[in-house]
Structure formats: structure tokens, C-alpha cells
Amino acid sequence: MENNMQIFNTLTRKVESFVPNVDGKVNMYTCGPTVYHFAHIGNLRSYIMEDVLEKTLRYVGYDVKRVMNITDVGHLSSDADTGEDKMLKGAKREHKTVMEIAKFYTDAFFSDCQKLNIKRPDVVEPATNCISEFIHMIEVLLEKGFAYVAGDNVYFDTSKLKDYYVFSSQSEKELMVGVRDDVTEDTNKKNKSDFVLWFTKSKFDNQELKWDSPWGVGYPGWHIECSCISMKHLGEYMDIHCGGVDNIFPHHTNEIAQSESYLGHKWCNYWFHVHHLNDKSGKMSKSKGDFLTVSLLEEKGYHPLVYRMFCLQSHYRKPLEFSYEVMDNMENAYLKLRKTVAKLDENTDFDQQAFDTYKEKFTQALEDDLNTAMALTMVYEVLKADISDHTKLALIRDFDYVLSLDLAAGEIAEENSVDEELESYILAKIEERKAAKKEKDFAKADAIRAELLEKGIILEDTREGVKWKKA
Ligand code: AMP
Ligand code: ZN
């Protein structure tokens, strides 16, 4: 298949032409959420941009199969092998069982995704469904000499690899800084960077979910799930694997180590990582406790798709800082867009040539390492262009397959929206009142205020001038 898709590959640290293993088909894997709490809008930035990637690949003609895991066991509160199990932490917090927590937050995650028009992956598989696959992979790794048992846990032996830190030219020491300071050294490990494949000796005796295994009753380490779940559904060769940048090390590094040792060949060709959403105090994270969710944005009156547009406006490889000011501007822009598109008249001529030209430009923007800001600009260019309404509408609908902003779904009634006639009447009355006040005719000014109130409009004198709102 002909294509010009260019994408940054973390593995080579270069923008490269995207060429899948099988012509026309893409195997795509996404690290899913750890379902011990609501997803914050930072997590959702990653899922929005991965959704844009999937839809772009489909838009340019690929047949995509996308798989996502749900981490419902094994992810510890530190990214290393120590710390409390995140699921257990959630269960304790809410006085529920781990499985109740997992179900509740998995549903909450997909409900947020739906609000943000993030397509559900073709396959979604919870880690707890695949314990026998994990055990099998660990057995093979032991047989091949890539793993060892120590202190009743099974570890991956990173010294058996030629190249463990595949993602970075940094030294091992520098990378280990990524593993938190509060990590107490596990004396069972032969090398500092070794990681647990299977735990039977946990610091936490009350770990709820445990399974029988050749090494005793226990539970899997965090990384094994993504290797096994992706191979279960996508086979031995993967085209593209996604996640947020914090997944690069240790999670993706360890996924590659165990997968390639198990398979005996290269596993995944392209690695796509989305940079973080930050708030003023730094990276947004669930462990901080106080984080922003889609529901919170809704409570504050924002349409969820305004947040999607906020994300699209910035490149996925740049950190993005969240601010309510930018959200307010985005909300205005979004409502205006919906209004403008709603006014387009479909009963006009269709211009195929113009359609093809603009579609080509839009495609080029996305093929250029997912330049979503430019793709959004194309929406404005189309609306400004000297082409028929029908052509504009067809283009906006076509672009929206990838943008997924519901641009052609009709106007959204603004809280303060009134018909144009009433709006110009209000503005004229405000001017009249201003003039009356200048002349010190306060009785007239008050009468105008009262007259507007009768029509359901409240005037407010603010430092920035007179504002009006519906009563
Ligand atoms: P988790 O639920 O913690 O396993 O994370 C789910 C996804 O969100 C992973 O791909 C993370 O890399 C990503 N992620 C975590 N924090 C952020 C953030 N502040 N901004 C963007 N993506 C994030
Ligand atoms: Zn993963």
C-alpha cells in the first residue's frame, strides 16, 4: 500500500516512514489503564492522541487491529518492584474488593473515553484473564536461561541481554534514577535492573488475588501482562506499541527485554509515546490524589470535547500545560465552530476538485508525525474558503472521522445564547444606559435595567464594563 505516514519512533529517536510488517495491515497495542482510580485528564491525553493515531492509520487506508490491556493486578505504587499494589491500595481506600474496584474503574474509564469520542480498541483484555499465558512465558524464560528464582520470586536477568536500555543512550545509572529513591534494594536480585516476573513472597500478606503456579501461590509482575496480552491477540510481530512517556522506562524497556528473549527475534518496530499533561505543580498523576477528571471538567461547565480539542491543538511530543484560561478560549472556539458548521447549507453544489485538494492537505498534516494542530487549522481554512457549503460540510464530516469533535452535530445552545434580534436589542439598551449615566440621568439608567430584567436579562456592572446574562 502506498502511504506517506511519517512517525517519530522512540526506538530510533527519529521521524521515520511507517511501514507495517504486512502490507495494508497494522497491529497496534496500547498500555491500558491501571483501574484503581478514575483516569485523570493526563492519562486521557495519551488515550486521545493514541485514538488519533489509530484513526489516522484507518483514514489513510490501513486495516488496524488494536489491543489494550486493563491492569487489574500487579502494578505497584512504585514503578519498580516495591511499593504497595495499586489495586489493593484502591480497594482499601474504598472498603471494596479488588475485583469490585477493577470493575467500577474499568467502566468509569470507558465512559470517559466515550465522552471524549475515543474509540474502544478491538480487543480489551484484563490482566487477570491471562494468568496461564503469563506462567507459560515465565516458564520459557526460565528454560532459556533469561530468568532465575530467588527468595521464592522469579526475576528476569537483565545481564543476559546484549542491550537492555534499548530506548536510550543514557547510562544505566542515569536511567535508574527513574526508579524512585524510596525503593529499598531487593537483595534477591542479581542485578539492580532485574525485575520480578512472578511474586510469591510479597511484603503484603493480604494481597487478595493470588494464583497457583510452578513457583508457589502468587501473582504476576506488572510488565509481563503487556507482552503476553499483545502476543495472544497480535502474534509474534507487532507494528506499533503506544503509551505515555513515563512508560518508556522501566515498563516498555522490560516488555521488550522479556518479549524478545521469549521469541528469539525482534518484536515491535515502532514505539509511540505521548508526552505528559502537566499542571502548574508538574506532571498530573493519580498518586498525587488531587487530580482532574472528565467529570470535574463537566461539573465546571465544559463540554468534554473541548478537552479533546485542547489536546489536538498541541503536538503529542510536547509537554502540555493545563490551564482554565486556555480551556475557556477553547470552549468559545468550539461552540463557534459547531455554530458555523450548523449554518452550512447542504443543498448547494458539490465541488469534487476542491474536496480532494483540501482532503489532501488535511491528510498531509496528519501524515507529518500527527500534526493535529495543522489538521485543526485545515478546518478553519475550509470554513473560510471560497467553496460551496455542501463541499465544506462534506470535508468537515470527513475530517471529523479523525478529529472526532462532533463538528457537524449541530449547534450547542450556549448558556447565554439568545436570538440575534434580542442580542442587538440588549446591546443597544446597554449603550443607551451608558449614555444616560454619563448625563447623570440615573432614573433613566435604572428604568433601562428594569426593562431588561422584565425580558429576563440581568445587567452587571463590572470593572471590564457592563455584562449581561440570562436571569
Ligand atoms: P496508568 O493508568 O497509570 O497505568 O496510565 C495510563 C496511561 O496514561 C499510560 O499510558 C501513562 O503513560 C499515561 N499517563 C500517565 N500520566 C500522564 C500524564 N500526566 N499525561 C499524559 N499521559 C499520562
Ligand atoms: Zn504495558
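Residues numbered from 1 in each chain as written. Chains lettered and ligands numbered in written order. Predicted model: local features only at pLDDT ≥ 70, side-chain atom pairs only at ≥ 80, totals over all residues. Heavy atoms only, no water.

For the rest of this paragraph, the subject is the overall build of the protein. The helix and strand inventory of the protein stands at 15 helices and 16 strands. If one aligns the C-alpha atoms of the protein with their principal axes, the spans along those axes are about 90 × 55 × 40 Å. Evaluated residue by residue, the protein yields a buried proportion of 53% over its 471 residues. Look at the contacts in the protein between residues 6 or more apart in sequence, and 76% of them connect residues 24 or more apart. (Helix = DSSP H or I, 4+ residues; strand = E, 2+ residues; numbered from the N terminus. Buried < 20%, exposed > 50% of the residue type's maximum accessible area, 1.4 Å probe, protein only. Contact = heavy atoms within 4.5 Å.)

Our next topic: the site of ligand 1. Around ligand 1, the structure places 18 residues, and the nearest of them are Thr 34, Gly 42, Ser 46, Asp 246 and Leu 277. In this structure, Gly 42 approaches ligand 1 through a main-chain N or O atom, which is 3.1 Å from a nitrogen atom. Against a free-state accessible area of 490 Å², the protein chains account for coverage of 94% of ligand 1. Going through the elements one at a time, helix H1 (41-59) and strand E10 (238-244) are the ones with two or more residues in the shell around ligand 1. No other element matches the four residues that H1 contributes to the shell around ligand 1. (Near = heavy atom within 4 Å. Polar contact = N/O pair within 3.5 Å; in protein donor to acceptor, adjacent residues only side chain to side chain. Areas by Shrake-Rupley, 256 points an atom, 1.4 Å probe, with all protein chains shown as cover.)

Turning our attention to the side chain of Thr 10. Among the structural elements, Thr 10 can be located in the loop between strand E1 (6-9) and strand E2 (14-17). A relative accessible area of 9% means that Thr 10 is categorised as buried. Discounting chain neighbours no more than four positions away, the residues touching Thr 10 are Phe 167, Ile 248, Trp 271 and His 273.

As a further point, take the nonpolar core. The nonpolar side chains of soluble globular proteins are, as a tendency, buried together. Core analysis: the largest hydrophobic core is formed by 135 residues, its most contacted members being Leu 53, Tyr 307, Phe 399 and Leu 403. In terms of residue count, H1 provides more of this core than any other element does, nine residues in total. If we skip the residues at most four places from it in the chain, Leu 403 touches Arg 308, Leu 312, Phe 362, Ala 375, Leu 376 and Val 379. Core analysis: the second largest hydrophobic core is formed by eight residues, Val 418, Ile 426, Ile 430 and Leu 459 among them. (Core = buried A, V, L, I, M, F, W, Y, C linked by side-chain atoms within 4.5 Å.)

Quick look at the sheet that holds strand E14 (residues 320-321) now. Adjacent strands of a sheet form backbone hydrogen bonds with each other and so pair up, either parallel or antiparallel. What the three strands build is an open sheet, ordered E13-E12-E14; its pairing is mixed. The outermost strands of the open sheet, each flanked by one partner alone, are strand E13 (282-283) and E14. In the sheet, strand E12 (residues 277-279) pairs with E13 via two bridges, with the strands oriented antiparallel. If you follow Asn 278 over to E13, its bridge partner there is Lys 283. (Pairing = 2+ DSSP bridges.)

In this section: the packing of aromatic side chains. Applying the stated rule across the entire model yields 25 aromatic pairs. Each member of the aromatic cluster is reached from another via a ring pair, and the members are Tyr 302, Tyr 307, Phe 310, Phe 322 and Tyr 324. Over the ring of Phe 104 we find Lys 96; its NZ or CZ atom is 5.2 Å from the centre of that ring. Positioned over the ring face of Phe 110 is Arg 120, at 4.1 Å from the centre of the ring. (Phe/Tyr/Trp six-rings, centres within 6.5 Å; stacked < 30°, edge-to-face > 60°. Lys NZ or Arg CZ within 6 Å of the ring centre and 35° of its normal.)

As a further point, take the pattern of salt bridges. Across all of its chains, the model carries 25 salt bridges by this definition. Note that Glu 451 and Lys 429 form a salt bridge whose closest N and O atoms lie 3.7 Å from each other. Residue Glu 451 is found in helix H15 (residues 442-454), and its partner Lys 429 is found in helix H14 (residues 420-438); the two are separated by 22 residues along the sequence. If you follow the salt bridges from partner to partner, you end up with Glu 50, Glu 54, Arg 58, Arg 66, Lys 119 and Asp 122 in one network. (Salt bridge = Lys/Arg side-chain N within 4 Å of Asp/Glu carboxyl O.)

It is worth spelling out the coordination of the zinc ion (ligand 2) at this point. Surrounding the zinc ion (ligand 2) are the protein donor atoms Cys 31 (SG), Cys 226 (SG), His 251 (NE2) and Glu 255 (OE), at 2.0 to 2.7 Å. Seen from the zinc ion (ligand 2), its four donor atoms lie at angles of 72 to 129 degrees, and the figure they make is irregular. Summarised as a motif, the one-chain spacing of the donors to the zinc ion (ligand 2) is C-x194-C-x24-H-x3-E. Taken together, the residues span about one helical turn, with His 251 and Glu 255 both in helix H7 (residues 248-263) at a distance of four residues. Accessibility assignment for this pair places His 251 and Glu 255 in one class, buried. (Donors = N, O, S within 2.8 Å, 3.2 Å for Na, K, Ca; no water. Tetrahedral: all angles 85-135°; square planar, octahedral: opposite > 155°, others 65-115°.)

Let us now look at the sheet that holds strand E6 (residues 147-150). Strand order in the open sheet formed by four strands is E6-E7-E8-E9, with antiparallel pairing between adjacent strands. The outermost strands of the open sheet, each flanked by one partner alone, are E6 and strand E9 (219-220). As paired strands, strand E7 (residues 153-156) and strand E8 (residues 195-199) are joined by three bridges and run antiparallel to one another. Across the sheet, residue Tyr 155 finds its bridge partner in E8, namely Val 196.

As a further point, take the confidence of the model for the protein. Confidence along the protein averages 90 in pLDDT terms, with 92% of residues attaining 70 or more. Of the regions scoring below 50 in pLDDT, residues 177-183 engages in eight contacts with residues more than four places distant in sequence or in other chains. (pLDDT = per-residue confidence, 0-100.)

Quick look at helix H10 (residues 324-342) now. Along its 19 residues, H10 runs 27 Å from first to last C-alpha, staying within 8% of the 27 Å computed at 1.5 Å per residue. Where H10 is concerned, the buried positions are Met 327, Met 330, Glu 331, Tyr 334, Leu 335, Leu 337, Arg 338 and Val 341. One side of H10 carries all its buried residues, which in axial view fall inside an arc of 155 degrees. Seen from the buried face of H10, the exposed residues on the opposite side, beyond 90 degrees, are Glu 325, Asn 329 and Lys 336. In this fold, the buried residues of H10 make contact with helix H8 (294-299), helix H9 (304-312), helix H12 (372-384) and helix H13 (389-403). (Expected span 1.5 Å × (residues − 1). Arc of directions from axis to C-beta.)

Attention shifts here to a negative patch on the surface. A cluster of like negative charges, contributed by Asp 349, Asp 351, Asp 356 and Glu 360, occupies part of the molecular surface. With respect to the helices, strands and loops of the structure, Glu 360 is situated in helix H11 (residues 352-367). For Glu 360, a relative accessible area of 43% gives the class partly exposed. (Patch = residues over 30% accessible without salt bridge, like charges linked within 9 Å, V, L, I, M, F, W, Y side chains within 5 Å. Lys, Arg positive; Asp, Glu negative; His and termini not counted. Charge placed at Lys NZ, Arg CZ, Asp CG, Glu CD.)

What follows is about unusual backbone geometry. Pro 250 follows Phe 249 through a cis peptide bond whose omega is 5 degrees. Relative to the helices and strands, Pro 250 is located in helix H7. The backbone phi angle of Leu 370 is positive, close to 60 degrees, even though this residue is not glycine. Mapped onto the elements of the fold, Leu 370 is located in the loop between H11 and H12. Classification of Leu 370 as buried rests on a relative accessible area of 0%. Look at Ser 404: it is not a glycine, yet its phi comes out positive at around 50 degrees. Mapped onto the elements of the fold, Ser 404 is located in the loop between H13 and H14.

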